[in-house]
Amino acid sequence: MPTSQQLEGQRAVVFGAGGSIGAAVAKEFASEGAEVFLAGRTGASVELVAKEIMATGGRAHADVVDALDESAVSAYVESLGQSGHLDIEFNATGPRVGDYANGTPAVGLPVELFIVPVNTVLKSQYITARAAAPQMLKQGSGVIMFLSGPPARPRIPGGTGIGSAFGAVETLTRALAVELGPAGIRVVCLRTGGIPDTRTLRDTSDLIGQMTGTKFDHEQFASSIAESTMLKVNLSTADTARTAVLLASDSARMMTGTVLNSTAGAVWD
């Protein structure tokens, strides 16, 4: 464990902790001294992450919670508040790319597929943030952290649905920051880029192959993503996790109502 821990004594809840980004963020929070509560729809995945954290001396708890189930989320977060303070809330849940036909031009995208990211990404972010806010209001402090991606600032076609949802998440960040700021609660958003070591990018690569009728090379796809960035590098889940720690820590205590662009220059503001 590090000698200088930025989140020492903090308690953090991570929704979607069984996924690539959620797991990486949860592990990094724990390595920086936080006690982490891992929530996910699949018990086996979050339990595995919890075991990995505890094996390195961290403190972790795993629970099965669907971030789209408002009642379940509210009850879960309330129980965390009853057992102690709640300092950080982070949500990394999201749909599979095939569920919303990622890459399909807007003129050919059915409404029922367009709305999928709104009904999953945006809805779950709102549900979990709204559940965390009352606990943080009681203590007069806390950090609510949203997650978005490059489609919020589109440069290429085919991301209308997910881009609209991410754009709304970034607006939600500012709206909640205005309301919760006077109570000492920071609301921030981490915009991360395309990360080759995530399920989302692997699924996107496979989907492109299906749409083009060709066998798509994952490494070639990763290289093309790197070339599309200003820094000409690929992001990793570890990069995103370290940035999440920065946003959650006192080093960013003057940051609220803002989106931190951590995309290696894949998009800009």
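In short, a report on the structure.

With 12 residues, helix H9 (residues 237–248) ought to run about 16 Å at 1.5 Å a step, and its terminal C-alpha atoms sit 16 Å apart, in line with that. For H9, the full list of buried residues reads Thr237, Thr240, Ala241, Thr243, Ala244, Val245, Leu247 and Ala248. Buried residues in H9 make contact with helix H1 (20–31), strand S4 (88–91), strand S5 (142–148), strand S6 (185–192) and strand S7 (258–262).

The next thing to look at is the pattern of salt bridges. Taken as a whole, this structure holds eight salt bridges when the rule is applied. One salt bridge connects Arg191 with Glu170, and the closest N-O pair in it is separated by 2.9 Å. Pair noted here: Arg191 is in strand S6 and Glu170 is in helix H6 (residues 160–180), with a separation of 21 residues, a long-range link. Each of the two residues, Arg191 as well as Glu170, counts as buried. Through salt bridges with shared partners, a single ionic network connects Arg153, Glu170, Arg191 and Asp269.

Strands in a sheet are paired, the pairing made by backbone hydrogen bonds, and the direction either parallel or antiparallel. Spatially, S3-S2-S1-S4-S5-S6-S7 is the arrangement adopted by the seven strands of the open sheet, whose pairing is parallel. Edge strands, defined here as strands with exactly one partner in the open sheet, are strand S3 (59–64) and S7. Averaged over all neighbouring strand pairs, the angle between strand axes comes to 20 degrees, with direction disregarded. Relative to S5, S4 runs parallel, the two sharing three bridges. Residue pairing for S5: Phe90 is matched across the bridge by Met145. Where helix H5 (residues 116–139) meets the sheet, its contacts fall on strand S1 (11–15), S4, S5 and S6, and the angle it forms with S5 comes to roughly 170 degrees.

What follows concerns the side chain of Thr128. With respect to the secondary-structure elements, Thr128 resides in helix H5. The class for Thr128 is buried, based on a relative accessible area of 0%. In this structure, Thr128 is in contact with Phe15, Ala67, Val73, Glu89 and Asn91, ignoring residues within four places of it in sequence.

The next thing to look at is the packing of H5 against H6. Running from N to C, H5 and H6 point in directions that differ by 15 degrees, and their axes come no closer than 9 Å. Judged on the interaxial angle alone, H6 and H5 are roughly parallel. As H5 packs across H6, the resulting crossing turns out to be right-handed. Residues Pro117, Val118, Val121, Leu122, Gln125, Tyr126, Ala129, Ala133 and Leu137 of H5 lie in contact with H6, whose contacting residues are Gly161, Ile162, Ala165, Phe166, Ala168, Val169, Leu172, Leu176 and Leu180. Of the residues assigned to the contact of H5 with H6, the class counts are 16 nonpolar, two polar and no charged.

Conventions and cut-offs
- Residues numbered from 1 in each chain as written.
- Predicted model: local features only at pLDDT ≥ 70, side-chain atom pairs only at ≥ 80, totals over all residues.
- Heavy atoms only, no water.
- Helix = DSSP H or I, 4+ residues; strand = E, 2+ residues; numbered from the N terminus.
- Expected span 1.5 Å × (residues − 1).
- Buried < 20%, exposed > 50% of the residue type's maximum accessible area, 1.4 Å probe, protein only.
- Contact = heavy atoms within 4.5 Å.
- Salt bridge = Lys/Arg side-chain N within 4 Å of Asp/Glu carboxyl O.
- Pairing = 2+ DSSP bridges.
- Axes fitted to C-alpha atoms, helices over the stretch in contact; angles between N-to-C directions.
- Parallel < 35°, antiparallel > 145°, perpendicular 65-115°, else oblique.
- Left-handed = near helix turned anticlockwise from the far one by under 90°.
- Nonpolar A, V, L, I, M, F, W, Y, C, P; charged D, E, K, R; others polar.

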